[in-house]
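# Understanding the architecture of this molecule
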4 protein chains.
Amino acid sequence: MIEGSKEGKLNRRLRLGMVGGGRGAFIGAVHRMAARLDDRWDFVAGALSSDAERARLSGEDLRLAPDRVYPDFAAMAEAESKRPDPIDAVAIVTPNHMHAAPAKAFLNAGIHVICDKPLTTTRQDADELQQLAADRNLIFAVTHNYTGHPLVRQARAMVAGGEIGRLRVVQVEYAQDWLTTALENSEHKQARWRTDPAISGPVGAVGDIGTHAFNLAEFIAGAEVASLAADLNVFVEGRRLDDNAGMMLRFGNGARGMLWCSQVAVGNENGLSIRLYGDKGGLEWHQENPNVLTFSPLGEPPRLIRRNGAGSAPVAQAASRIPAGHPEGYLEAFAQLYADIAELIAARLENREPDPLARQVPMAADGIRGVRFIEAAVKSSAANGAWTEL
Amino acid sequence: MIEGSKEGKLNRRLRLGMVGGGRGAFIGAVHRMAARLDDRWDFVAGALSSDAERARLSGEDLRLAPDRVYPDFAAMAEAESKRPDPIDAVAIVTPNHMHAAPAKAFLNAGIHVICDKPLTTTRQDADELQQLAADRNLIFAVTHNYTGHPLVRQARAMVAGGEIGRLRVVQVEYAQDWLTTALENSEHKQARWRTDPAISGPVGAVGDIGTHAFNLAEFIAGAEVASLAADLNVFVEGRRLDDNAGMMLRFGNGARGMLWCSQVAVGNENGLSIRLYGDKGGLEWHQENPNVLTFSPLGEPPRLIRRNGAGSAPVAQAASRIPAGHPEGYLEAFAQLYADIAELIAARLENREPDPLARQVPMAADGIRGVRFIEAAVKSSAANGAWTEL
Amino acid sequence: MIEGSKEGKLNRRLRLGMVGGGRGAFIGAVHRMAARLDDRWDFVAGALSSDAERARLSGEDLRLAPDRVYPDFAAMAEAESKRPDPIDAVAIVTPNHMHAAPAKAFLNAGIHVICDKPLTTTRQDADELQQLAADRNLIFAVTHNYTGHPLVRQARAMVAGGEIGRLRVVQVEYAQDWLTTALENSEHKQARWRTDPAISGPVGAVGDIGTHAFNLAEFIAGAEVASLAADLNVFVEGRRLDDNAGMMLRFGNGARGMLWCSQVAVGNENGLSIRLYGDKGGLEWHQENPNVLTFSPLGEPPRLIRRNGAGSAPVAQAASRIPAGHPEGYLEAFAQLYADIAELIAARLENREPDPLARQVPMAADGIRGVRFIEAAVKSSAANGAWTEL
Amino acid sequence: MIEGSKEGKLNRRLRLGMVGGGRGAFIGAVHRMAARLDDRWDFVAGALSSDAERARLSGEDLRLAPDRVYPDFAAMAEAESKRPDPIDAVAIVTPNHMHAAPAKAFLNAGIHVICDKPLTTTRQDADELQQLAADRNLIFAVTHNYTGHPLVRQARAMVAGGEIGRLRVVQVEYAQDWLTTALENSEHKQARWRTDPAISGPVGAVGDIGTHAFNLAEFIAGAEVASLAADLNVFVEGRRLDDNAGMMLRFGNGARGMLWCSQVAVGNENGLSIRLYGDKGGLEWHQENPNVLTFSPLGEPPRLIRRNGAGSAPVAQAASRIPAGHPEGYLEAFAQLYADIAELIAARLENREPDPLARQVPMAADGIRGVRFIEAAVKSSAANGAWTEL
């Protein structure tokens, strides 16, 4: 059997619904590809757009049964919860400001939730969602998708296993260039909502990509950032939200770090990179070439650990589908979250413990960390970079 | 809409069957993941193993309807052709020596064929298959999957468009290391059949990976190799087929080249790389980092063209799913072939011309080129490297 | 003629003396190699060690005439200034705290000075040196050697020429790992003085390598850092000076940046890297592979400009010795400063204007910037990262 | 002391003369920079050009004493041999066809010779030179300069030490692009003589850069190529010598290999690269980034061995001048040969054994291998690629 094939491990496919993700949307199609890849999900229902006609057409595009193409999330949550074959989980892939309301509706309807990041635009919403999921005993996953990369998981395991010793320094960054010009003044839908405070919340780059960098740092470090000092910048004239930000980080365990996120760094597409240094070694990983993890043991030559190759850890192999040297990428990592979430739900349906590896999926608590990060960054920057607790 | 999403372009899913690919197999799972990714295929039938019990269990694993789990390909071809809802195409993913017979059976049953490479172990079989597909007016695709990479297609278009001028030199190689030791003496199934002449035919590395390198060279060059001089080597004691080979190439258009394939090159996983040089520019692409194509115009700095990024061509964008900087890999390229084949079949069902881009899928004629390449390599090497026509 | 050969351009060699740099020293030998490479200097005199016997033996090693091997810098300055064939310039390569006194002595003796960095350990000393050099109309060069790299000079010229548009973001770092452990507790001479406040001044990593990063940023940006917020860290127990530091930068022209320097980043040897982003393009350069400059024009693929290759600028070609593709490195860049300083001095001796390119050599004013940078970093960090003016 | 500084190890500088290398020449300046760097040579005499006036002016440029600026090599050999302070060695840096005659003259005059490559244009000349040097007990070094790289020496030591096991495969190449067009039709002096059979001998690219690749392969492999099959090509219309060549190699020890050299590979500057594979590991080195050697032990992640860094061998450290992470390049490697030759001569003058490391310098026997390589390549290609013994 192909090493990491997820097929055949679960004989019952789960049913997936979606809020958002209709025609013209971006991340919804990614979620659907991710859900399909490992054959654990059937996509069966959706409230795909706030525009009724677009919702209907999108449902047709995606071959949903007409009675499961809903005009809005509330109708969908109610109807699905009453079906004999309801969706097992809903993916919420709307813009940031529209995460909280549908999430609450589905949780209240007893349906597991898979929510895009950042979790919410306010801390209060985030806390409520976590509480609600806990009260209802439902899974509330947040798609910090980079945690699905095999070598990201290996890096986390190596840090936890002491392979780089006591952690000292974390350098993380996420650099893009697609907002170098005032793209939001064009018809570019993604640019418009990502620079609109009414939709994105109080931050631009910090929320869109800074949260990914922050999550990746905490995920691999296995430690929380205690406080940060931030400088949020707007370089494009007339832009209402930050398009670049620098931060210094202090972790609770004594490590220090820096975080940079930018959407005006010309030449960078999705330059998410992280480096961690302990007193016994260093680690380096780049999202744009995710099949290599550089491990430098103190006093030895750096080693190139390749996904599913020599030196790869069981935790990385388990998240791989194909042999070393055949690159997996963004969609495969995203698919890993969907495979893991399927395992978590299936284990509940089957009254068994889930595969421990599936427990790596980021949950509401991780989403809340992201919201706190945003709040602290805004507060610190407003206070001219004062160190601010998360 | 996410740039290259294949969803929603075809409202009718096609039905896919498979010969081979059951428990313990490798490439079958890859074909299924590839078929799923873009949502154009339902996998509904299979003769998944020559072992009846394994076939049955594999069918269960994959949730096939019991009546479409067949004990052998002949029964499957016959039964499917008589169903009101027959499979639209069959994927043949058995070892090399078992391609020809099932391919003939399905062609005779009027079913399109998607066949793994190398096409067959004899030239005669290959020619017959091509003729049969032509006679029956059926699609006969060969999964030289690397042709599905967006930047491979762009490289081909650039050469065809004269961007590197008149082609002079082609350097191609495919280096692995998994057969450095006598792995075939263990229980390793892949190693056993790939080094067994009764199953693989007259070549080892040359057939398994050399054909990929050869196909890639001809695909991008847009030109045929007229003759070659080969030196096939066996380095592991007791091995019956070549595990390393060097070749010099002469193209019909006057270009020269070299091809190296090895399964004993320690440190290489799937080191498929190609470089092409004309009188106005050069191109370089590496399978292990497929999201970058280096283009060097004469007298100018090399440019890093990134998949779906600045400088990417329409033909590359059309084969992309996600934005630049989010890596796509092996499965996405493989999926592109399945999406294209679906388009070719759908166009026939709908009495329309297919999207011209879908015509890039390698067909029987390309498979025959691979078989000729193998024959010429064997013949040349037996004649101490004499130049041998293909 | 070999493109950038410096030979034959100056028929009179200049005479060089040195303070420090005897047996057991590090940077002195680098200065001598740099001075030799382009054949513009004869090394003829030295006060090579504060230990008289070591000074004598070092002079023998280096084949100095015995009467020009001096026991101390004061004697040397006096004696040389009275010779008919005095040294034209003195290189001061002692530890940080021993720069100011000999520099003053030689300036007072009318001899040009080439001083290692950081210029001094106090701002007052630095200012006095600059004033003294100005009063005596003498050259006072500071060996921020990375400015001698051809592609660093090209980057500076490109920024000045508007090729990346209006500057927005500067990310610079210098990461090493040689002080990951308490090496200063061993006999390691370099480690001992670099962690000793009495010798190094108030900073460790910040002074040793942070100043290089800072200088490189200002040199290429062509702009001054107006203020910074710093977090200086000591990770190795018992260490008295910072071994890691993070900083946020605000440039006077509105650009923002980050600076990281570390001597505990395991796996890094001399990881000095800089990236600059404007509204029309980006630039990236790495000291460890200095023969490539990546230039990303907005909306176009990144271009790999190679030293002396296609796309290299006159200013880079003038600082090159050998053709593109034959790597030049650290010593060549260092030698460029010596060649340029020779040109500056020769022009004075010959009553002519120097080659304008030679004017790129960092001078006392640049050294003062480094001292201010250190002071601001210490002050900011002591004030918990408050933004501090330079 | 700076790790690999060559200073102070030899108190007597040696005296160097040069034939060729005057104004307008290329490689002569490289030899002089290389000789200067480590302070073991004084350049004191020359027959710098066949044009008398150019010879005189070149001597002035280089500050030679007028009585040691000679009109021709014969006069120089005679005069120098009669001086009380004769040159210790002569560097012969003329075009290929002008190596043999001056070499004989200086050997006959009892002066050690340092000769550029390829050694001669005929096998007979090469053999005579070797014999003459042996008869006169003189050093006859051939500047295959890439053997001076620290990590090339380490690679050789690792192969010899069994670290990659029994050698199986050697892939070597040297790709340039400077002759992509008919540059020889311009005033470009280098292009003119390198494409002129009367000056270069029977080969173009094969002699100019193929010999470097061949030498590097044998040097690191520690084994001789027994036979080769070659295909020499001329791509530029009207060109008289090969500008591209492919070869297959068979080593005496059973290893196989391929060699490619090209001067029309657009985008390549000096792409000299080598990979070696044994049954226990692999090695990879690139001239354009010479400070890294990739070592892949079987079944382990590849390791990045950096010059003078962790994992570097004593033989590499001995050939280094500066710490790891500060790149050394082409000139430093070239200088290493000059430092080693100085050691070999000094040992003779001092009646002692030389440092064993200095014995790595390529000698006449290595030069003869290069001449045989050229002859075999020409012969094989003329016989349509027949395997031809060296």
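These figures come from a predicted structure and were not determined experimentally. (Residues numbered from 1 in each chain as written. Chains lettered and ligands numbered in written order. Predicted model: local features only at pLDDT ≥ 70, side-chain atom pairs only at ≥ 80, totals over all residues. Heavy atoms only, no water.)

## Digging into helix H11 (residues 330–349) of chain C
Given 3.6 residues per helical turn, the α-helix brings residues three or four places apart onto the same face. Along its 20 residues, H11 of chain C runs 29 Å from first to last C-alpha, staying within 8% of the 28 Å computed at 1.5 Å per residue. Backbone geometry just after H11 of chain C places Asn 351 of chain C at a positive phi near 50°. (Helix = DSSP H or I, 4+ residues; strand = E, 2+ residues; numbered from the N terminus. Expected span 1.5 Å × (residues − 1).)

## As for the relation of the copies chain C and chain D
After a rotation of 180° and a shift along the axis of 0.0 Å, chain C superposes on chain D with an RMSD of 0.0 Å. Expressed as an axis order, the relation between the two copies is that of a two-fold axis. Looking at the interface residues of chain C, 100% of them are also at the interface in chain D, so both copies use one shared face. (Least-squares fit on C-alpha atoms with pLDDT ≥ 70 in both. Contact = heavy atoms within 4.5 Å.)

## Details of the packing of aromatic side chains
Following the criterion strictly, the structure yields 24 aromatic pairs over all chains and no others. An angle of 75° between the planes, with centres 6.0 Å apart, marks the rings of Tyr 146 of chain C and Tyr 174 of chain C as edge-to-face. Residue Tyr 146 of chain C is located in the loop between strand E5 (140–142) and helix H6 (150–160), and its partner Tyr 174 of chain C is located in strand E6 (residues 167–175); the two are separated by 28 residues in the primary sequence. Grouping residues by exposure puts Tyr 146 of chain C and Tyr 174 of chain C together as buried. Here the aromatic rings of Tyr 146 of chain D and Tyr 330 of chain D are separated by 6.2 Å at their centres, their planes lie at 65°, and the arrangement is edge-to-face. Of this pair, Tyr 146 of chain D sits in the loop between strand E5 (140–142) and helix H6 (150–160) while Tyr 330 of chain D sits in helix H11 (residues 330–349), and the two are 184 residues apart along the sequence. An identical accessibility class is assigned to Tyr 146 of chain D and Tyr 330 of chain D; each is buried. Ring pairs connect the aromatic residues Tyr 146, Tyr 174, Tyr 330 and Phe 334 of chain A, which therefore count as one cluster. Cation over ring: Arg 250 of chain A sits above Trp 387 of chain A, and NZ or CZ is 3.7 Å from the ring centre. The lysine or arginine in question, Arg 156 of chain B, covers the ring of Phe 219 of chain B, its NZ or CZ lying 4.2 Å from the ring centre. (Phe/Tyr/Trp six-rings, centres within 6.5 Å; stacked < 30°, edge-to-face > 60°. Buried < 20%, exposed > 50% of the residue type's maximum accessible area, 1.4 Å probe, protein only. Lys NZ or Arg CZ within 6 Å of the ring centre and 35° of its normal.)

## A closer look at the sheet that holds strand E1 (residues 14–19) of chain C
Residue and element names in this part refer to chain C. In spatial order, the strands read E2-E1-E3-E4-E5; together these five strands make up an open sheet with parallel pairing. A strand with exactly one partner marks an edge of an open sheet, and here the two such strands are strand E2 (41–47) and E5. Going across the sheet, the axis of each strand differs from the next one's by a mean of 25°, ignoring polarity. In this sheet, strand E4 (residues 112–115) lies alongside strand E3 (residues 89–92) in parallel orientation, the contact comprising four bridges. By the bridge assignment for E4, Ala 91 is matched with Ile 114. (Pairing = 2+ DSSP bridges. Axes fitted to C-alpha atoms, helices over the stretch in contact; angles between N-to-C directions.)

## Quick notes on the sheet that holds strand E3 (residues 89–92) of chain A
Strands pair in a sheet through their backbones, by hydrogen bonds, and they do so in one of two ways: parallel or antiparallel. Residue and element names in this part refer to chain A. Read from one edge to the other, the open sheet built from five strands follows the order E2-E1-E3-E4-E5, with strand pairing classed as parallel. Of all strands in the sheet, those with a lone pairing partner are strand E2 (41–47) and strand E5 (140–142), marking the two edges. Averaged over all pairs of adjacent strands, the angle between strand axes in this sheet comes to 25°, irrespective of strand direction. Helix H3 (residues 73–82) contacts strand E1 (14–19), E2 and E3 of the sheet and is inclined by roughly 130° relative to E2.

## Details of the environment of Leu 272 of chain D
Residues and elements named next belong to chain D. If you trace the backbone, Leu 272 turns up in strand E10 (residues 271–278). Separated by 62 residues in the primary sequence, Leu 272 and Gly 210 have C-alpha atoms spaced 9.6 Å apart. Non-local contacts of Leu 272, meaning those with residues more than four positions away in its chain, are made with Tyr 146, Glu 173, Tyr 174, Ala 213, Leu 216, Trp 285, His 286 and Gln 287.

## Some remarks on unusual backbone geometry
All names here are of chain B. Cis rather than trans, the peptide bond between Lys 117 and Pro 118 has omega equal to -10°. Examined against the element boundaries, Pro 118 turns out to sit in the loop between strand E4 (112–115) and helix H5 (123–136). Its identity is not glycine, yet Asn 384 carries a phi of approximately 55°, on the positive side. The class of Asn 384 is partly exposed, set by a relative accessible area of 40%.

## Some remarks on the relation of the copies chain A and chain B
For the pair chain A and chain B, the relating rotation is 180°, the translation along its axis is 0.0 Å, and the fit reaches an RMSD of 0.0 Å. Taken together, the interface assignments show that 100% of the residues at the interface of chain A recur at the interface of chain B, consistent with an identical surface on both copies.

## Some words on the domain arrangement of chain A
Residues and elements named next belong to chain A. For chain A, the assigned domains read domain 1 (5–146 + 338–354) and domain 2 (150–323 + 368–389). Placing a centre on the C-alpha atoms of domain 1 and another on those of domain 2 gives a separation of 26 Å. Taken together, the contact pairs 26 residues of domain 1 with 28 residues of domain 2. A combined buried area of about 2,200 Å² lies between domain 1 and domain 2, and 54% of that area is made up of carbon and sulfur atoms. By the criterion of area lost to domain 2, the three top residues of domain 1 are Arg 123, His 144 and Tyr 146, representing 34% of everything that side buries. For the pair domain 1 and domain 2, the interface holds four salt bridges. Residues Arg 321 and Asp 38 are paired through a salt bridge, measuring 2.8 Å at the closest nitrogen-oxygen approach. (Domains from an automatic or database assignment. Buried area = accessible area lost by both parts, 1.4 Å probe. Salt bridge = Lys/Arg side-chain N within 4 Å of Asp/Glu carboxyl O.)

## Details of the environment of Glu 173 of chain D
Looking at where Glu 173 of chain D falls in the secondary structure, it is placed in strand E6 (residues 167–175). In this view, Glu 173 of chain D contacts Arg 275 of chain B together with Ala 213, Trp 260, Gly 271, Leu 272 and Ser 273 of chain D; residues no more than four positions away in its chain are not counted. Separated by 2.6 Å, the side chains of Glu 173 of chain D and Arg 275 of chain B make a polar contact. (Polar contact = N/O pair within 3.5 Å; in protein donor to acceptor, adjacent residues only side chain to side chain.)

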